[in-house]
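Architecture and fold: a report
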Amino acid sequence: MKRVAVLTSGGDAPGMNAALRAVVRTAIYYGIEVIGVKRGYSGLIKSDFIPLGIGSVADIIHRGGTILRTARCEEFFHREGREKAVRNMVSAGIEGLVAIGGDGTFRGAVELEKLGMPVVGIPGTIDNDIPCTQWTIGFDTAVNTVVDAINKIRDTATSHERVFVIEVMGRKAGFIALAAGLAGGAESIIIPEKPFEVGDVITKIMRGQNRGKLHSIILVAEGVSGALEISKKIHEAAGLDTRVTILGHIQRGGSPTAWDRILASRMGAEAVKQLIQGERKKMIGIKGDAIKSYDIEWALSQTHEINMQDYHLSAILSI
Ligand code: ATP
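Residues numbered from 1 in each chain as written. Predicted model: local features only at pLDDT ≥ 70, side-chain atom pairs only at ≥ 80, totals over all residues.

Further remarks concern the site of the ligand. Lining the immediate surroundings of the ligand are 18 residues, of which Gly10, Gly11, Gly102, Gly104 and Gly108 lie closest. Among the elements that make up the shell around the ligand, the one with the highest residue count is helix α4 (residues 103-114) (6 residues). (Near = placed C-beta within 6 Å. Helix = DSSP H or I, 4+ residues; strand = E, 2+ residues; numbered from the N terminus.)

Across its 13 residues, helix α7 (residues 198-210) extends 18 Å between first and last C-alpha, which sits within 8% of the 18 Å expected from 1.5 Å per residue. Of all the residues in α7, the buried ones are Val201, Ile202 and Ile205. The arc that holds the buried residues of α7, viewed along the axis, is 95°, so those residues lie on one side. Opposite its buried face, α7 presents the exposed residues Gly199, Asp200, Arg207 and Asn210, each directed more than 90 degrees away. On its buried side, α7 packs onto β6 (163-168), β7 (188-190), β8 (216-221) and α8 (227-238). (Expected span 1.5 Å × (residues − 1). Buried ≥ 20, exposed ≤ 12 C-beta atoms within 10 Å, placed from the backbone. Arc of directions from axis to C-beta. Contact = placed C-beta atoms within 7 Å.)

With that out of the way, let us pick up the sheet that holds strand β11 (residues 290-295). Taken in spatial order, the 7 strands make up an open sheet running β3-β2-β1-β4-β5-β10-β11, and their pairing is mixed. Every other strand in the sheet has two partners, leaving β3 (49-51) and β11 as the edge strands with one partner each. Each strand axis lies, on average, 25° off the axis of its neighbour in the sheet, ignoring direction. The pairing of strand β1 (residues 3-8) with strand β4 (residues 97-101) spans 4 bridges and is classified as parallel. When the sheet's bridge partners are listed, Val6 is paired in β4 with Val98. Those strands touched by α4 are β4, β5 (119-123) and β10 (281-287), and its axis lies near 175° from that of β5. (Pairing = 2+ DSSP bridges. Axes fitted to C-alpha atoms, helices over the stretch in contact; angles between N-to-C directions.)

With that settled, consider the pairing of β10. For a regular strand, side-chain orientation follows a simple rule: the groups alternate between the two sheet faces. The element β10 is largely enclosed, with a buried count of 5 among its 7 residues. Two strands pair when backbone bridges link them, and β5 and β10 are joined in this way by 3 bridges, in the parallel orientation. Of the residues in β10, the one forming a bridge with Gly121 is Met283. Inspection of the sheet shows β10 paired to β11 by 6 bridges, in the antiparallel sense. Within the sheet, the bridge partner assigned to Ile284 lies in β11 and is Ser293. Connecting the antiparallel pair β10 and β11 is a turn made up of 2 residues, with Gly288 showing a positive phi of about 60°.

Moving on, we get to the sheet that holds strand β9 (residues 242-246). An order of β7-β8-β6-β9 is seen for the 4 strands of this open sheet, with the pairing classed as parallel. The open sheet has two free edges, formed respectively by β7 and β9, since each of these has just one partner strand. On average, each strand axis in the sheet is inclined to that of its neighbour by 20°, with strand direction left out of account. Alignment of β7 against β8, held across 3 bridges, turns out to be parallel. Among the inter-strand pairings, Ser188 is bridged to a residue of β8, identified as Ile218. Against the sheet, α7 touches β6, β7 and β8, its axis set at about 165° to β8.

In this structure's numbering, the residues bearing the UniProt feature "active site" (unreviewed entry) are Asp127. Along the polypeptide, Asp127 turns up in the loop between β5 and α5 (139-160). Apart from residues lying up to four places away in sequence, Asp127 is in contact with Gly102, Met169, Gly170, Arg171, Ala173, Phe175 and Ile176. (UniProt positions renumbered as here; feature names shortened; annotations may be inferred.)

For the rest of this paragraph, the subject is the domain arrangement of the protein chain. Looking at the assigned domains, one finds that the protein chain contains domain 1 (3-138 + 256-300) and domain 2 (139-253). Taking the mean C-alpha position of each, domain 1 and domain 2 sit 34 Å from one another. With 18 residues of domain 1 at the interface, the matching set in domain 2 holds 14 residues. Looking at the side of domain 1 that touches domain 2, its residues break down into 6 nonpolar, 8 polar and 4 charged. (Domains from an automatic or database assignment. Nonpolar A, V, L, I, M, F, W, Y, C, P; charged D, E, K, R; others polar.)

This is the structure we're talking about:
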């Protein structure tokens, strides 16, 4: 194998740059040239290619976002778009691709392989909603961002004796809400994986109120929707001053944590090794402390279950 390409696709996540650096440096170490593709799959269709040398990835390990930029590409959903992408790659002498992104990016990778292009996927998304990996690149940084926000909101919630309903990202999954809620000491955590009654949240707040506790942090995953409605119901039932904070895109930014950089470095290096070994359709994951690889199609048919023990633990600790 003489030349591989690398791209970042879907939503950006802190640590994508660290993964890119690992891919480039590992490939060069093994004598392979690397081509960077700008803006995900649309860069493949437009031949938006740049050669990446050792120096091109210097000074990026600590930066959020992705220097390759990222995009969602409608044309890639159609066979003609994907065929054009493969033609462009073949004419540029590209023999394999490392795709860093979420499950959509992995679905695109499967389709590329069907057209003859070997692909290895690296899970890069803050949502952690990818099967066959306990951690995705960017999740740890996003959770730390949310915990930092909870700490700040807690100060004002205590001072004003208010209830804060904080909505966090995570698409249809509650990984960010659960991890940040446990780490941030939230009174209630509302996630899509667990049906909930606003009445139970209110009962808990009232119980606290009776003990003289007048502030509360309620963490709601975006997949549940209705943070405003929950806040309104709490206000009406408990007569408490309630506020809603939707954290939004700050959860996507920032310098990646040490863990995200370590994960990205390990996964980036492994992705290149998989291509060198002749693998054609793999995703990289981590289980315990071990870096693993799985057939992407099979992996996408699996589920990543949320840790319900942590959910119950958070309920016990916030009694
Ligand atoms: P995130 O989890 O952050 O949203 P993602 O990788 O899941 O990241 P998507 O927008 O779902 O983000 O997918 C990225 C791109 O992958 C799409 O814009 C499209 O170009 C391609 N893609 C997704 N699904 C498919 C598919 N079934 N077939 C071909 N290409 C796909």
